[in-house]
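What the coordinates show
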Amino acid sequence: MHRHPDDDPRRQFRDMEATLLLCPRCRVAVPVRKRLLLVLPEGDKFEYVCARCASTCGTKIERPPPPQFVR
Ligand SMILES: [Zn+2]
């Protein structure tokens, strides 16, 4: 029996675990969830939340790609 990997229901879960950050409460590197916090003029601010205890492990501002200068 051959199963296509895309049919694996755990695929999304594995993708979610791709990012590991040190959690201040768990004191180990934990899988985190990325959550959009704020939309700022300089970019979108994301928060990384521990999947175990829901503590904030870090934040990051993703800057939008530079605007294209149209001639
Ligand atoms: Zn934690």
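Let us look at the structure shown here. All values derive from a computational prediction rather than experimental measurement.

**Thoughts on the overall build of the protein chain**
Helix and strand counts for the protein chain come out as one helix and four strands. Helices and strands appear in the protein chain in the N-to-C order α-β-β-β-β. Scored against the burial criterion, the 71 residues of the protein chain give a buried share of 8%. By sequence separation, contacts in the protein chain at least 24 residues apart represent 24% of the contacts at least 6 residues apart.

**Here's the deal with the pairing of strand β2 (residues 29-40)**
Where strand β1 (residues 20-22) meets β2, three bridges bridge the pair, whose relative direction is antiparallel. For Leu22, the partnering residue across the bridge sits in β2 and is Ala29. Linking β1 back to β2 in an antiparallel pair, the connection comprises six residues, with Arg27 at a positive phi of about 60 degrees. As defined by bridge partners, β2 adjoins strand β3 (residues 43-50) across eight bridges and the pair is classed as antiparallel. The residue of β3 that forms the bridge with Leu38 is Lys45. As consecutive antiparallel partners, β2 and β3 are separated by two residues.

**Brief notes about the sheet that holds β3**
Taken together, the four strands give an open sheet; going across it, the order is β1-β2-β3-β4, and neighbouring strands pair in antiparallel fashion. In the strand order of this sheet, the two ends are held by β1 and β4 (56-62), each with one partner. The average undirected angle you get between the axes of adjacent strands in this sheet is 45 degrees. Relative to β4, β3 runs antiparallel, the two being bridged by six bridges. Looking at β4, one finds that Glu47 is bridged to Thr59.

**Considering the nonpolar core**
Membership of the largest hydrophobic core is limited to six residues, which are Cys23, Val30, Val32, Tyr48, Cys50 and Cys57. At the level of elements, β2 and β3 are the ones that each hand at least two residues to this core. Apart from the residues lying within four places of it in its own chain, the contact partners of Val30 are Leu20, Leu21, Cys23, Cys50, Ala51 and Arg52.

About the thresholds
Residues numbered from 1 in each chain as written. Predicted model: local features only at pLDDT ≥ 70, side-chain atom pairs only at ≥ 80, totals over all residues. Helix = DSSP H or I, 4+ residues; strand = E, 2+ residues; numbered from the N terminus. Buried ≥ 20, exposed ≤ 12 C-beta atoms within 10 Å, placed from the backbone. Contact = placed C-beta atoms within 7 Å. Pairing = 2+ DSSP bridges. Axes fitted to C-alpha atoms, helices over the stretch in contact; angles between N-to-C directions. Core = buried A, V, L, I, M, F, W, Y, C linked by C-beta atoms within 7 Å.

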